[in-house]
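Working through the structure, step by step
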Amino acid sequence: MIEANFPMKLFFFLAALLLHSTVVRAADLGTNEPHPFEQPSTAYLQKFAKPGEKTFVYERYDARGGLFQREVTPLAKPVEITSATERVINGVIYRLRGLAACPKPNITYKAEKWDCTKAVRDYDDAVYNSRASVVLCKTLVLKSQSGVADAVSCFALVGAGNANDPYSVSYDDDSMVFFDMAAIGRNKDGKSLRPDLEHALDLGKQFQTDEAN
């Protein structure tokens with residue numbers, strides 16, 4: 001039972017976090033092999049982990065879904081969160097594919113009204129810079145163009161890998177949509193650019209509605 005002095009809005013926020021974490025942890029059952037779209041398993045990301053060091057993995061995939069190139073480098077400095085859809089990793093700007101940043105200027109976050117971009121930075125800083133040991137971004141761009149950010153999907157291996165804090169996979173694209181920090185883009189015919197994230201959108205709406213009540 002919820003204690004009378006426990007804020008109901010905070011309960012809904014924690015419930016949303018728990019549900020989202022449970023859904024994302026399904027990635028533990030994900031692919032152990034390179035794949036352009038599917039979430040990687042914790043085992044896949046653990047292959048790139050190095051004791052005492054943060055690692056950045058960048059994978060390029062061709063049109064047939066084959067792994068074209070993989071770069072594995074130390075994550076030399078903290079990931080910069082410049083917007084809900086832009087990440088600066090090792091000095092390079094990447095853009096979450098098919099998403100639009102902050103459809104609303106203010107959102108409910110931690111049971112309070114937050115500026116959307118500030119909420120994104122608070123959330124993702126904890127993921128990338130406090131808890132992640134491996135960051136993986138995947139793209140279908142075979143060769144980067146000067147002045148154009150590669151469109152990517154990004155994942156992080158978070159946790160200490162023990163019984164109290166087991167490894168799990170944080171899916172950045174999914175989180176941004178779930179918490180209403182980013183909107184799924186549409187083409188000129190109104191079709192979703194990220195049908196794989198529609199479920200996260202539907203789940204998030206349930207809690208956004210509950211918090212508003």
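Up top you'll find the structure we're talking about.
Quick caveat: nothing in here was measured; it's all calculated off a predicted structure. (Residues numbered from 1 in each chain as written. Predicted model: local features only at pLDDT ≥ 70, side-chain atom pairs only at ≥ 80, totals over all residues. Heavy atoms only, no water.)

1. With respect to the overall build of the protein
Threshold: Each helix is a run of DSSP H or I of at least 4 residues and each strand a run of E of at least 2, with the numbering of both proceeding from the N terminus. In what follows, a contact means two residues having at least one pair of non-hydrogen atoms within 4.5 Å. Accessible surface is estimated by sampling points in the Shrake-Rupley manner with a 1.4 Å probe; for residues, cover comes only from the protein chains shown.
Of the regular secondary structure elements, the protein holds five helices and 12 strands. Partitioning the intrachain contacts of the protein with sequence separation of at least 6 by distance along the chain shows that 55% fall at a separation of at least 24. Accessible area for the protein stands at about 11,300 Å²; split by element, carbon and sulfur atoms hold 54% of it.

2. Considering the environment of aspartate 124
Worth spelling out the cut-off: Type-normalised accessible area, obtained with a 1.4 Å probe on protein chains alone, sets the label of each residue: buried when under 20%, exposed when over 50%, and partly exposed for intermediate values.
Topologically, aspartate 124 is positioned in helix H3 (residues 116-131). In this structure aspartate 124 comes out as buried when scored by relative accessible area, which is 1%. The spacing of aspartate 124 and alanine 84 is 40 residues in sequence and 9.2 Å in space, taken between C-alpha atoms. If we skip the residues at most four places from it in the chain, aspartate 124 touches Ile81, Arg87, Asn129, Asp172 and Met176.

3. As for empty space enclosed by the protein
Selection criterion: Cavities and pockets were defined on a 1 Å grid built from protein atoms only: a cavity is a group of points that admits a 1.4 Å probe but offers it no way out, a pocket is an open group of points flanked by protein on both sides within 12 Å along at least five of seven lines, and a lining residue is one with an atom within 4 Å of any such point. Grid points are joined across faces, edges and corners, and a volume is the space filled by probe spheres set on the points. Here the term charged refers only to Asp, Glu, Lys and Arg, the term nonpolar to Ala, Val, Leu, Ile, Met, Phe, Trp, Tyr, Cys and Pro, and the term polar to all other amino acids, Gly among them.
Throughout the structure, instances matching the rule amount to two cavities of 30 Å³ or more. What lines the largest cavity is Pro36, Phe37, Arg97, Lys138, Thr139, Leu140, Ala151 and Ser153. Among the elements of the structure, strand S9 (132-139) and strand S10 (150-158) are those that each provide at least two residues to the lining of the largest cavity. The calculated volume of the second largest cavity comes to roughly 30 Å³. Around the second largest cavity sit Thr31, Glu33, Pro34, His35, Glu38, Pro40, Tyr44, Glu59, Tyr61, Leu136 and Lys138, which together line it. Each residue belonging to the lining of the second largest cavity can be placed in one class, and the counts come to five nonpolar, two polar and four charged.

4. What about the side chain of aspartate 173?
Note the cut-off: Think of a polar contact as two N or O atoms within 3.5 Å of one another; within protein, one of them needs to be a possible hydrogen donor and the other a possible acceptor, and neighboring residues in sequence only count if both atoms come from side chains.
In this structure, aspartate 173 sits in helix H4 (residues 172-178). Here the side chain of aspartate 173 touches arginine 194 through a polar contact of 2.9 Å, side chain to side chain.

5. A look at the state of the cysteines
Between two cysteines, a covalent bond joining their sulfur atoms is known as a disulfide. The test is simple: The criterion for a disulfide is a pair of cysteine sulfur atoms lying within 2.5 Å.
What the rule picks out here adds up to two disulfides. Across the disulfide, cysteine 102 is cross-linked to cysteine 116 (sulfur-sulfur distance 2.1 Å). One disulfide, between cysteine 102 and cysteine 116, carries an S-S torsion of -85 degrees and so falls in the left-handed class. Taken as a pair, cysteine 102 in the loop between strand S6 (99-101) and strand S7 (106-109) and cysteine 116 in helix H3 lie far apart in primary sequence, 14 residues in all.

6. Looking at the pairing of strand S11 (residues 168-171)
Each regular strand shows side chains that alternate between the opposite faces of the sheet. Stated precisely, the cut-off is as follows: The pairing criterion is simple: DSSP has to find at least two bridges between the two strands.
A two-sided burial pattern is seen for S11, the buried positions comprising Ser168 and Ser170 on one face and Val169 and Tyr171 on the other. Two strands pair when backbone bridges link them, and S10 and S11 are joined in this way by four bridges, in the antiparallel orientation. Looking at S11, one finds that alanine 156 is bridged to serine 170.

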